[in-house]
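What the coordinates show
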Amino acid sequence: MKVPVCVIVGAGPGNGAAFARQFSRAGYHVALLARGRETLDALVSEIAGTRAYTYDATDPAHAQRVFAAIREDLGEPQTLIYNASTREFGDLDATRPDAFERAWRVNAYGCLLAAQQVVPAMRAAGQGNIIVIGATASLKGAAGFVAFGAAKAAQRSLAQSLARQLGPEGIHVSYVIIDAMVDLPGTRALMPAAPDSFFAKPDDIAESVFFLARQPKSAWTFELDLRPFREPW
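Residues numbered from 1 in each chain as written. Predicted model: local features only at pLDDT ≥ 70, side-chain atom pairs only at ≥ 80, totals over all residues. Heavy atoms only, no water.

Comments concerning the overall build of the chain
Broken down by element type, the chain carries 7 helices and 9 strands. The globule rule puts the C-alpha radius of gyration for 233 residues at 17 Å, and the 17 Å found for the chain is close to it. Residues counted as buried form 50% of the 233 residues belonging to the chain. Look at the contacts in the chain between residues 6 or more apart in sequence, and 66% of them connect residues 24 or more apart. (Helix = DSSP H or I, 4+ residues; strand = E, 2+ residues; numbered from the N terminus. Rg over C-alpha atoms; globule rule 2.2 N^0.38 Å. Buried < 20%, exposed > 50% of the residue type's maximum accessible area, 1.4 Å probe, protein only. Contact = heavy atoms within 4.5 Å.)

Structure, rendered in structure tokens:
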């Protein structure tokens, strides 16, 4: 039997690392894609069954080259997790046009490029999973999230379009809305007085993402929103 392959675009020390641990424990080969080589090397040394690829999510030529290398090294991906994002925050007056464009390129355009690389083999197999990691901003804009909100809304719409097209072909596309502050050193530093129950833990998020990749075809989820039990919504 071939070892299944999971590709994580946007593999950082938080959710990306948790996704890698979850799928590695399940017996997958995991391709870790990110811009920073130092972070990737640290994750590969920590998580068995992983391989690192330096990746610019917004470069079509890079997408072709890196995914070709993954196919050569590990095989065809059965699961794609698109976790790449930006931190382009600010209101109308603080948002530069180039920052607005970059947010869209990373969140939406990059997701399209990655999906186009994995779909042909998934079609041939009649199965596969594309899981896009989103945010509450995809559903409602806020004054201080002009670029981020617009980019995440575009990303969600793209994911829904892909799900409607690819679902009948056996490919499960899902969108995860993380309505929470993720438990990371940086977010803890921003809110040192917040209790543990305020934060969403990356390993717990990863468990739900893995659940999506294992759903039977008769009961697929498109949109899954995740938040700590005390989060008001």
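A word on the packing of helix H3 (residues 60-73) against helix H4 (residues 97-125)
Following both chains from N to C, one finds H3 and H4 inclined at 35°, their axes separated by 10 Å at the closest point. As for the relative orientation of H3 and H4, their crossing is right-handed in sense. Side by side, H3 and H4 meet where Pro60, Ala63, Gln64, Phe67 and Arg71 of the first sit next to Tyr109, Leu113, Ala114, Gln117 and Val118 of the second. Across the contact of H3 with H4, the residue classes break down as 7 nonpolar, 2 polar and 1 charged. (Axes fitted to C-alpha atoms, helices over the stretch in contact; angles between N-to-C directions. Left-handed = near helix turned anticlockwise from the far one by under 90°. Nonpolar A, V, L, I, M, F, W, Y, C, P; charged D, E, K, R; others polar.)

Thoughts on the state of the cysteines
Taken as a whole and assessed by the stated rule, the structure comprises 0 disulfides. Cys111 carries a free sulfur, and the closest cysteine sulfur to it, the one in Cys6, is 14 Å from it. (Disulfide = S-S within 2.5 Å.)

Regarding the environment of Glu223
Here Glu223 is to be found in strand S9 (residues 223-226). Considering only alpha carbons, one finds Glu223 and Arg164, 59 residues apart in sequence, at a separation of 12 Å. Excluding anything up to four places from it in sequence, Glu223 contacts Leu139, Arg156, Tyr175 and Ile177. A polar contact of 2.5 Å, which involves the side chain of Glu223, links it to the side chain of Arg156. (Polar contact = N/O pair within 3.5 Å; in protein donor to acceptor, adjacent residues only side chain to side chain.)

Quick notes on the pairing of strand S6 (residues 171-178)
Among the 8 residues of S6, 8 are classified as buried, and the element is accordingly described as predominantly covered. Going residue by residue along S6, you find Ile171, Val173, Tyr175 and Ile177 tucked away on one face and His172, Ser174, Val176 and Ile178 tucked away on the opposite face as well. Looking at chain direction, strand S5 (residues 128-135) and S6 are connected through 8 bridges and run parallel. For Ile133, the partnering residue across the bridge sits in S6 and is Val176. In this fold, S5 hands off to helix H5 (residues 146-166), which returns the chain to S6; that crossover is right-handed. Bridge analysis of S6 against S9 gives 4 bridges, and the strand direction is parallel. Bridging across to S9, Ile178 finds its partner in Leu226. (Pairing = 2+ DSSP bridges. Right-handed = clockwise from strand over helix to strand, strands pointing away.)

Observations regarding H5
Here H5 is 21 residues long and its end C-alpha atoms lie 30 Å apart, about the 30 Å a rise of 1.5 Å per residue gives. Of all the residues in H5, the buried ones are Ala147, Phe148, Gly149, Ala151, Lys152, Gln155, Leu158, Ala159, Leu162, Ala163 and Leu166. The inward-facing, buried residues of H5 contact strand S4 (79-82), H4, S5 and S6. (Expected span 1.5 Å × (residues − 1).)

Considering the sheet that holds S6
Read across the open sheet, the 7 strands follow the order S3-S2-S1-S4-S5-S6-S9; overall the sheet is parallel. Two strands in the sheet have a free side with no partner beyond their single neighbour: strand S3 (50-54) and S9. Ignoring which end each strand starts from, the neighbouring axes of this sheet average 20° apart. Relative to S3, strand S2 (residues 29-34) runs parallel, the two sharing 5 bridges.

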